[in-house]
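Inside the fold
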Amino acid sequence: MAHESSGAIYTAAGANLAIAVAKFVGAFFTGSSAMLAEGVHSVVDTANQILLLVGLKRAQRPADARFPFGYGREVYFYAFLVALLIFLGGGAFAVYEGIHKLQHPEPAADAVILGRTIPGFIVNLAILGFAVLAEGYSCFVALKAFWGEKGERPPITAIRRSKDPALFTVLVEDVAALTGLVVALAGVILAETLAQPAYDGIASIVIGLILIGMAIFLMIETHGLLVGEAAEPELVAGLHEIVRSEPGVQHVNEVLTQHLGPADILVNVSLDMDDRLSAGEIERLVGHLETRMKALSPKVRRVFIEIQARHDAAARQPDKVA
């Protein structure tokens, strides 16, 4: 899914950059607080997409002596950093700007462009309309990539299960951005039709709260990946089945998995083998098990198999939990 993730990120970055320029131009001419908050939001989103691309690039570096399991978790770190920037750079600023607007409400100023005076309300609507179209296309690209990954699972479940934070971060960002644009449109329209500029500030606060909520959600999801989540339950069950079905295995002590990256799974297995097997037979069995496990999923990159008596493995369990 790396190619799918990169394509969605490039699309989102291009759309957000164009939208940011348009929003700042509108905010400069009209003084709209919601428009300014949306402009900052788009700048933050653009920076976030760049960070995600950096994370994807760094995660592809080969393993070395210092990091023998590779750099796959780089993408998790950068995704967490993106969530933090959304919280501080987007949400907090929008709330601050909205409060300032409530304290000092001012109607949208008219824009003078090429010697012609255009009502600020019209300028804001035109820019927000363009932003909705551009953000909608970006969201469509991200949703298409995500839909191909999620399978039959419901969207929220798929996000919770996904190990590709770059993809679901872009999708959640785009959904939040579209929601924010709808709120901004409502604020601009209400401020104009009711002659109450305070609605512009209220819209900015709501946009900020949406961004903060989205950032917290992304922090929770990427935190688990950063710490080290197990593979999806279906894959773990398949690994258990492979080990149990192998002749010569007396007991499966443990099957532990951990994602070292979106498509890099580490598998550690502890087995109690038949004592009548020779060393050569155990070596061949271990090699056969490793081949079958890697064939189960291309994400299984490393398999470590430990031969250990059942009672010895059971005695070590409390130490591992502690």
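For the structure, see preceding data.
On the basis of which strands lie adjacent, the open sheet formed by 3 strands has the order E3-E4-E5 and mixed pairing. Every interior strand has two partners, whereas the edge strands, strand E3 (249-261) and strand E5 (300-307), have only one. Along the sheet, successive strands turn relative to each other by an average axial angle of 15°, direction set aside. Alignment of E3 against strand E4 (residues 264-273), held across 10 bridges, turns out to be antiparallel. Bridge pairing in E4 links Val249 to Met273. Running at roughly 150° to E3, helix H8 (residues 233-244) makes contact with E3, E4 and E5 of the sheet. Set on the sheet, helix H9 (residues 279-296) makes contact with E3, E4 and E5; between it and E5 the angle comes to about 150°.

What follows deals with the packing of aromatic side chains. For the structure on display, the rule yields 3 aromatic pairs. Residues Phe69 and Phe304 carry aromatic rings whose centres are separated by 6.4 Å and whose planes lie at 80° to one another, so their mutual orientation is edge-to-face. One end of the pair, Phe69, is in the loop between helix H2 (33-59) and helix H3 (74-103); the other, Phe304, is in strand E5, and 235 residues separate them in sequence. Ring geometry for Phe77 against Tyr78: centres 5.3 Å apart, planes inclined by 80°, an arrangement best described as edge-to-face. Here Phe77 falls in the partly exposed class, since its relative accessible area comes to 44%. Over the face of the ring belonging to Tyr71 we find Arg61, whose NZ or CZ atom lies 3.8 Å from the ring centre.

Quick look at the pattern of salt bridges now. Scanning all chains against the criterion turns up 8 salt bridges. Of the charged contacts, one joins Glu74 and Arg61 as a salt bridge, the two residues approaching to 2.6 Å between their closest N and O atoms. Here Glu74, found in helix H3, pairs with Arg61, found in the loop between H2 and H3; they are 13 residues apart in sequence, far enough to count as distant. Among the residues examined, Arg61 registers a relative accessible area of 33% and is labelled partly exposed. Across the pair Arg292 and Glu246 runs a salt bridge, and its minimum N-O distance is 2.9 Å. Here the residue Arg292 occupies a position in helix H9, and Glu246 occupies one in the loop between H8 and E3, the gap between them amounting to 46 residues. Judged by its relative accessible area of 29%, Arg292 falls in the partly exposed class. When salt bridges with common partners are traced through the structure, they connect Arg58, Arg61 and Glu74 into a single cluster.

The subject of this paragraph is H8. Between its terminal C-alpha atoms H8 stretches 16 Å, which fits the 16 Å expected from 12 residues at 1.5 Å a residue. When we look at burial in H8, the residues that qualify are Leu235, Val236, Gly238, Leu239, Ile242 and Val243. The arc that holds the buried residues of H8, viewed along the axis, is 160°, so those residues lie on one side. Those residues of H8 that are buried are in contact with E3, E4, H9 and E5.

Reading the values: the criteria
- In every chain, residue numbers begin from 1 and rise along the written sequence.
- Local features in this predicted model are restricted to residues of pLDDT 70 or higher, and side-chain atom pairs are both shown and tallied only at a pLDDT of 80 or more, whereas totals for entire chains, interfaces and linings draw on every residue.
- Each side-chain value is worked out from all heavy atoms of the structure, with water and hydrogens disregarded.
- When DSSP finds two or more bridges between two strands, those strands count as paired.
- Each helix is a run of H or I in the DSSP string that is no shorter than four residues. Each strand is a run of E no shorter than two, and both are numbered from the N terminus.
- Here an angle of 0 to 180 degrees is reported between the N-to-C directions of two axes, which are lines fitted to C-alpha atoms, with helices fitted over the stretch in contact.
- Every residue pair with non-hydrogen atoms within 4.5 Å of one another is taken to be in contact.
- For Phe, Tyr and Trp, rings pair up if their centres lie within 6.5 Å, where Trp contributes its six-membered ring, and each pair is then called stacked (planes under 30 degrees apart), edge-to-face (over 60) or tilted (otherwise).
- Any residue under 20% of the maximum accessible area for its type is buried, any over 50% is exposed, and the rest in between are partly exposed; the area is computed with a 1.4 Å probe on protein chains only.
- The criterion for a charge sitting over a ring is simple: Lys NZ or Arg CZ within 6 Å of the ring centre, and within 35 degrees of the ring normal.
- Just to be clear on terms, a salt bridge is a Lys or Arg side-chain nitrogen sitting within 4 Å of an Asp or Glu carboxyl oxygen.
- The span expected for a helix works out to 1.5 Å for each residue beyond the first.
- By construction, the arc corresponds to the directions joining the helix axis to the C-beta atoms.

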